[in-house]
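Next come the chains, spelled out residue by residue.
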Amino acid sequence: ILDTVANTMRERIRIRGEIQTLTAQQKLTGLVIGLLPIGIAILFQIMSPGYIGPLFKTLTGQLLIAVAVFLEVIGLIVIQRILKIEV
């Protein structure tokens, strides 16, 4: 019985390591996709400050930013839940 339990525990540890290896790329992809809009906004601000300015100064722009941030957070939560695999 102890040999069976020990083998089961070793298998779980091995499988957990495999899962972490296989999901590492997806975690990084989720992080990059989550940070991409922020990077693009910074790039636009540097290249052409007047282009992105109304997004922060008008009520419509601020509402759009709020919705975008909310959807980004929801997307990151969904990605994390998908990648959370229990062994």
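Figured I'd write up the structure that's included with this text. (Residues numbered from 1 in each chain as written. Predicted model: local features only at pLDDT ≥ 70, side-chain atom pairs only at ≥ 80, totals over all residues. Heavy atoms only, no water.)

**Structural notes on the overall build of the chain**
Line of reasoning, step 1. Check the secondary structure of the chain and you find three helices and zero strands.
Line of reasoning, step 2. Starting at the N terminus and walking to the C terminus, you meet the elements of the chain as α-α-α.
Line of reasoning, step 3. Here the chain has a C-alpha radius of gyration of 21 Å; the compact-globule value for 87 residues is 12 Å, and the former is much larger.
Line of reasoning, step 4. Across its three principal axes, the chain shows a C-alpha extent of roughly 70 × 25 × 10 Å.
Line of reasoning, step 5. Looking at the chain as a whole, 9% of its 87 residues qualify as buried. (Helix = DSSP H or I, 4+ residues; strand = E, 2+ residues; numbered from the N terminus. Rg over C-alpha atoms; globule rule 2.2 N^0.38 Å. Buried < 20%, exposed > 50% of the residue type's maximum accessible area, 1.4 Å probe, protein only.)

**Some remarks on the packing of helix 2 (residues 49-57) against helix 3 (residues 59-83)**
Line of reasoning, step 1. Here helix 2 crosses helix 3 at 85°, and the two axes come no closer than 5 Å. It follows from the interaxial angle that helix 2 and helix 3 lie roughly perpendicular. Taken together, the residues of helix 3 that come into contact with helix 2 (itself represented by Pro54, Leu55, Phe56 and Lys57) are Leu59, Gly61, Gln62 and Ile65.
Line of reasoning, step 2. A breakdown of the residues in the contact of helix 2 with helix 3 according to their chemical character gives five nonpolar, two polar and one charged. (Axes fitted to C-alpha atoms, helices over the stretch in contact; angles between N-to-C directions. Parallel < 35°, antiparallel > 145°, perpendicular 65-115°, else oblique. Contact = heavy atoms within 4.5 Å. Nonpolar A, V, L, I, M, F, W, Y, C, P; charged D, E, K, R; others polar.)

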